[in-house]
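Here is how the chains run, residue by residue.
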Amino acid sequence: MAEGEQTSSKVFLGGVVLTTVVGLGLLALIFSAVAPKGEEASAPAASPAQTAPAQTAAGTGSGPSAAQPSGGQASGSAGAPEAAGTASAGASAGGTGANAGNGASGTDGSPATGTGTAGGTSSGAAGTASEDQAGGTTQAAASEEKQQLQFTSFTGKNGAELYTQACQSCHMPEGRGAQGAGRYPALANNPRTASTPYVVTMILNGNGGMPGFGHYLSDAQIAEIVNYVRDDLNKQTDQVAPADVQKLRPQNPDYMIFGESAG
Amino acid sequence: MSEINRRSFLEMVGLVGGGAALYQVMTSMGMAQASAPKPLKLEGSGQGKTVLILGAGLAGMASAHELRKAGYDVQILEYNARAGGRCWTLRGGDEYTELGGFKQRCEFAPGLYINPGPWRIPYHHYAYMNYAREFGIKLEVFPQVNYNAYIHRKSGTKVRLREPMADMQGHVSELLAKAAAGGNALGSEVSAQDRERLLEALRGWGFLDKDYRYSKSLATSAVRGYEEDPGARLQPGVPSTPINLQTILSERLWADLTTGMLYEFQSTIFEPVGGMDAMARAFESRVKPMITYRARVTELSQNADGVTAVYEDLAGGGTKTVKADYCICTIPLSILSQVKLNVGQELEQAINKVPYAPSFKAGVQYKRRFWEQDDTIFGGISYTDLPIQTISYPANNYLSNGKGVVLGAYMFGPDAVRFSGMDPKARLQEVVRQNAQIHPQAEKEFDNGISVGWHRVPWTLGCYGLYTEETRKTDYPVLCARHNRLMLAGEHTSYWNGWQEGALLAAITAVEEMHKFAMQS
């Protein structure tokens, strides 16, 4: 695990395109956060637009110049039809009704769900967002990172390696799955993998207890994993391209940020 | 209400109405008099009514304990052969088999342990503290902030926490003092009178000299530590050299200074003596006759008359059915979302919307306590930007000549996912290798270890419930509500996610609400 050391950095590597999009969103967010402050004090029933605690912990040592696996796709660019398609693909293939995952439904109208502009929080402690809608003491800090996709944690060079790093903790080596009080479905010889959008959507948005990886895996990485799962574990030879993944990213992503702290 | 808004609002009230008005408003906002919630006391008897509790973690056992006191007939179903859930301690001789069949045996010396789950109790976790008082659980201080622990960077930088702490404060104060002294830089933000006060404050708070400079001196060394400590006779101490601002910023040394400032980690913060499971054992000794162990719940339904659960008896075999008037279900949502449910569509959908956080811990036994003997670190936490994130030192048996167990890794996020997916032996090797980058003694002194990746834990499939802003608004209230004869309880129905306090508060409120409902019907 020589590469282990390189993967923990939580610096912002979002890319120029993303920075621009986020920047515009932030302007709107800051504006909406500043304006109603006076009212907020006297009327605690805050509107959703007031979630920004005006955190501006400017990151240093971060830069958009470092390597990024798939060239910084702005996640906000996918069209509404694709987002809708995502949800229905997940629902019909999975047969699990409304649980296509967080943000897959595209019903969240607010473009900026994150709060503040924390420049990466290596300890997760820099955020002291005192009014975080996700709330929970362990999630306040994490939501500050929301607007900055982090494609640097998983370093595998191909689908098999990426599967080992991102998927194996639950779905087990060779996609065997596991059974305890609950179960992790086997991915090997799994007929549901016949639907490409189903597999992509699962990885992007998660399902049930599974967190989505849309925040942490690039389109290219997801394509690699999907091709590994479908081809190597299920003998389905048609390939998925990063562009196919990009189309399935939700229009207004509310990607799950993994927790950063607990008791 | 954010802290800034709250403060400016109070300033406004203070200006207009004076101190009395301010105090009145603060009291009504629940700020001036924070008082500990009292232990639960239920009025009326639940005699003749049955409650089924699913899960014998802290939420389940606290619910059972309170309901039994009120006269209810309680039964608990628990998947594991032990009670406690995530309130869990691993000691020498314990075996742990994770999903995938990977089995580990803990080889720690007698008296040594790790808590794979929660391990800290803030003083303001009143529900926990009340039970600790009631059960006589002994607490010891958890040294959350150790000024002599390391902040380490994979670049090779390794400093004591007190150094960047003093230096960051000093450099920032010096800069701000320059701006304040310059007059116009701060513009109308600070009045002329306040400018003088600000300069005085910066000098004191930032350890500046009479010229408002933060520099190498015995005065700054009195904060950041000395090159050579003061001693007897003619030894006043040798001053140390501050880390320059550029290094603090480029290495992000400031980022690990704020953890201990957070309310949830502030002093005094505790741990139970001898292991976190002291609370689990205390509850279990009170509710044990009610627990059916090795029961895997497969179905849960309710109708107008009551609740029905079906479970697989993992000990004796076969499928069994339990009926009760009411149910408090503490099964983690990651598991519950896989149980066949007929409890109301809205609730069933919400149960499916909460993913679980990745987390990874490794306990490593070293042959001697080199962090104390060589590094003068007694308890507390060192921080690194390596995947292990932290090394935490034992907060007991200081100066012991025997072996010691450190928490060699406590990981969240993608790295926790990655490490959880590794073979236990490979994980441990990597953890020790990374420990050795901070403590070179680690490779030589390594004895044994055990690791827990929370997504591999068979009975939780993850560490704790994760919400987005959206699901906190839409699904969370549904999960928190009583659904006829059923209520959910656990850290996932609290704002203290991943803390035992969340589980206990959720249990207490579930019991209150269910009791109220039972008394009405």
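Because the structure is predicted, anything quoted here is derived from the model rather than measured. Here the residue numbering is sequential within each chain, running from 1 through the sequence in written order. To label them, take the chains in the order written and letter them from A, then take the ligands in the order written and number them from 1. It should be noted that, the model being predicted, local features are given only for residues of pLDDT at least 70 and side-chain atom pairs only at 80 or more, the latter also being counted only at that level, while totals for whole chains, interfaces and linings use all residues. As a rule here, side-chain values come from all non-hydrogen atoms in the structure, and water together with hydrogens is ignored.

Looking only at helices and strands, chain A features nine helices and four strands. What you see in chain A, going N to C, is helices and strands ordered as α-α-α-α-α-α-β-β-α-β-β-α-α. Residue contacts are counted whenever heavy atoms from the two residues lie within 4.5 Å of one another. At a minimum sequence separation of 6, the contacts of chain A that also span at least 24 residues come to 73%. Total accessible area on chain A stands at roughly 9,700 Å², and carbon and sulfur atoms take up 60% of it. Each helix is a run of DSSP H or I of at least 4 residues and each strand a run of E of at least 2, with the numbering of both proceeding from the N terminus. Here the open area of atoms and residues is found with the Shrake-Rupley method and a 1.4 Å probe, where only the protein chains shown may cover a residue.

Quick look at the overall build of chain B now. Each helix and strand counted, chain B has 17 helices and 23 strands in total. Burial status follows relative accessibility: with a 1.4 Å probe on protein chains alone, a residue under 20% of its type maximum counts as buried, one over 50% as exposed, and anything between as partly exposed. Residue burial in chain B is summarised as follows: out of 521 residues, 58% are buried. Taking all contacts inside chain B whose residues are at least 6 apart in sequence as the whole, residues at least 24 apart take part in 69%.

Right, let's get into the packing of aromatic side chains. Note on aromatic pairs: the rings of Phe, Tyr and Trp (six-membered ring only in Trp) are paired at centre separations within 6.5 Å, and the planes decide the class, stacked below 30 degrees, edge-to-face beyond 60, tilted for the rest. Counted under the stated rule, the structure contains 25 aromatic pairs over all chains. When the ring of Y467 of chain B is compared with that of Y476 of chain B, the centres are 5.1 Å apart and the planes differ by 80°; the resulting orientation is edge-to-face. Classification of Y467 of chain B as buried rests on a relative accessible area of 3%. The rings of F154, F213, Y216 and F258 of chain A are connected pair by pair, giving a single aromatic cluster. The lysine or arginine in question, R472 of chain B, covers the ring of Y495 of chain B, its NZ or CZ lying 4.1 Å from the ring centre. We note R482 of chain B situated over the ring of F517 of chain B; from NZ or CZ to the ring centre the distance is 3.8 Å. Two limits define a charge over a ring: the Lys NZ or Arg CZ must be within 6 Å of the ring centre, and within 35 degrees of the ring normal.

This part covers the UniProt feature "binding site: substrate" (unreviewed entry) in chain B. UniProt positions are given in the numbering used here, feature names are shortened, and annotations may be inferred rather than shown by experiment. This chain's UniProt record puts "binding site: substrate" (unreviewed entry) on R120 of chain B. Relative to the helices and strands, R120 of chain B is located in the loop between β6 (113-114) and β7 (121-122). Sequence-distant contacts of R120 of chain B, defined by excluding residues within four places in its chain, comprise A262 and G263 of chain A together with F142, Q144, F265, I269, F270, M276, I381, Y410 and W499 of chain B. Within polar-contact distance, the side chain of R120 of chain B engages the backbone oxygen of A262 of chain A at 2.9 Å. We call two N or O atoms a polar contact when they sit within 3.5 Å, provided that within protein one can donate a hydrogen and the other can accept it, with sequence-adjacent residues counted only if both atoms are side-chain atoms.

A separate point is the sheet that holds strand β1 (residues 50-54) of chain B. Residues and elements named next belong to chain B. When DSSP finds at least two bridges between two strands, those strands are taken to pair. What the five strands build is an open sheet, ordered β12-β2-β1-β16-β23; its pairing is parallel. With partners counted over all chains shown, the strands left at the sheet margins are β12 (291-292) and β23 (486-488), one partner each. Here two bridges tie strand β2 (residues 73-77) to β12, and the two strands are oriented parallel to one another. Looking across to β12, one finds that I76 is bridged to I291. Packed onto the sheet, helix α17 (residues 500-520) meets β16 (326-329) and β23 and runs at close to 170° relative to β16. Whenever a helix is involved, its axis is fitted only over the stretch in contact; in every case the axis is a line through C-alpha atoms, and angles between N-to-C directions fall within 0 to 180 degrees.

Our focus in this paragraph is the UniProt feature "binding site: FAD" (unreviewed entry) in chain B. All names here are of chain B. Those places that UniProt annotates as "binding site: FAD" (unreviewed entry) correspond, in this numbering, to G117, P118, W119, R120, V297 and E491. On the secondary structure map, W119 appears in the loop between β6 and β7. Since its relative accessible area comes to 7%, W119 is described here as buried. Relative to the elements of secondary structure, V297 occurs in strand β13 (residues 295-302).

Turning our attention to the confidence of the model for chain A. Residues and elements named next belong to chain A. Looking at any residue, its pLDDT shows the predictor's confidence there, from 0 to 100. Averaged over all residues, the pLDDT of chain A is 63; the fraction at 70 or higher stands at 45%. Contacts from residues 1-131, a stretch scored under 50 in pLDDT, to residues over four places away or in other chains number 229 contacts. Here residues 141-145 is modelled with pLDDT under 50, and outside its nearest four sequence neighbours on either side it reaches 20 contacts, counting other chains as well.

Residues and elements named next belong to chain B. A pairing counts as a salt bridge when a side-chain nitrogen of Lys or Arg comes within 4 Å of a carboxyl oxygen of Asp or Glu. Tallying each qualifying case throughout the model produces 35 salt bridges over all chains. Across the salt bridge formed by E134 and K69, the nearest N and O atoms sit 3.7 Å from each other. With a gap of 65 residues between them, E134 in helix α3 (residues 126-135) and K69 in helix α2 (residues 58-69) connect regions that are remote in the sequence. Between R482 and E513 there is a salt bridge, with the nearest N and O atoms lying 2.8 Å from each other. Taken together, the residues span a long stretch of sequence, with R482 in the loop between α16 (476-480) and β23 and E513 in helix α17 at a distance of 31 residues. The exposure class assigned to E513 is partly exposed, which follows from its relative accessible area of 23%. Several salt bridges converge on common partners, so that one network encompasses R91, D277, R281, E284 and K288.

To continue, consider unusual backbone geometry. With the exception of glycine, most residues fall at negative phi, and the peptide bonds are largely trans. Residue and element names in this part refer to chain B. Residue T268 is bonded to the preceding S267 through a cis peptide linkage, with omega at 0°. Secondary-structure assignment places T268 in the loop between α7 (245-250) and β11 (269-272). Of note in this structure, Q389 is not a glycine but carries a positive phi near 65°. We note that N484 has phi near 55°; this positive angle belongs to a residue other than glycine.

Two quantities define a packed helix pair, namely the angle between the axes and the distance from one axis to the other. Residue and element names in this part refer to chain B. Contact geometry for α3 and α17: axes closest at 8 Å, N-to-C directions at 85°. As summarised for this structure, α3 and α17 are arranged roughly perpendicular, according to the angle between their axes. Mapping the contact onto sequence places Y126, A127, Y128 and Y131 in α3 and Q500, E501, L504, L505 and I508 in α17. Angles below 35 degrees are treated as roughly parallel, those above 145 as roughly antiparallel, those between 65 and 115 as roughly perpendicular, and all remaining angles as oblique.

It is worth spelling out the nonpolar core at this point. Residue and element names in this part refer to chain B. Joining through side-chain atoms within 4.5 Å is the link that ties buried Ala, Val, Leu, Ile, Met, Phe, Trp, Tyr and Cys residues into a set, and such a set is a nonpolar core. L54, L300, L333, L336 and L479 are the most contacted members of the largest nonpolar core, which has 111 residues in total. Apart from the residues lying within four places of it in its own chain, the contact partners of L336 are C329, I331, L341, I351 and L488. Counting 48 residues, the second-largest nonpolar core is a separate cluster that includes I76, A83, A282 and I328.

A few words on the pairing of β1 of chain B. Regular strands have side chains that alternate between both faces of the sheet. Residues and elements named next belong to chain B. Summarising burial for β1: four of the five residues are buried, a large majority. Pairing between β1 and β2: five bridges, direction parallel. Paired with T50 across the strands is D73, a residue of β2. This β-α-β element, β1 to α2 to β2, shows right-handed connectivity. As defined by bridge partners, β1 adjoins β16 across four bridges and the pair is classed as parallel. Within β16, the position partnered with I53 by the bridge is I328. When the strands point away from the viewer and the connection leading from the first strand across the helix to the second strand turns clockwise, the crossover is called right-handed.

This paragraph deals with the pairing of strand β15 (residues 319-324) of chain B. All names here are of chain B. In terms of strand pairing, strand β14 (residues 307-313) meets β15 through six bridges, oriented antiparallel. Across the sheet, the residue bridging to V310 is T321, located in β15. Connecting β14 to the next strand, β15, in antiparallel fashion are five residues, including G317 with a positive phi near 85°.

Turning our eyes to something else, we now look at the sheet that holds β13 of chain B. Residues and elements named next belong to chain B. What the four strands build is an open sheet, ordered β15-β14-β13-β17; its pairing is mixed. Each end of this open sheet is capped by a strand with a single partner; those strands are β15 and β17 (340-342). Ignoring strand direction, the axes of neighbouring strands in this sheet form an average angle of 25°.

Residues and elements named next belong to chain B. Given a helix with a known number of residues, its expected span is that number minus one, times 1.5 Å. Compared with the 28 Å implied by 1.5 Å per residue over 20 residues, the 28 Å span of helix α4 (residues 162-181) between its first and last C-alpha is a close match. Turning to α4, its buried residues are E163, P164, A166, D167, Q169, G170, H171, S173, E174, A177 and A180. Lining the buried residues of α4 we find β9 (150-152), β10 (158-160), α5 (192-205), α6 (218-224) and α7.

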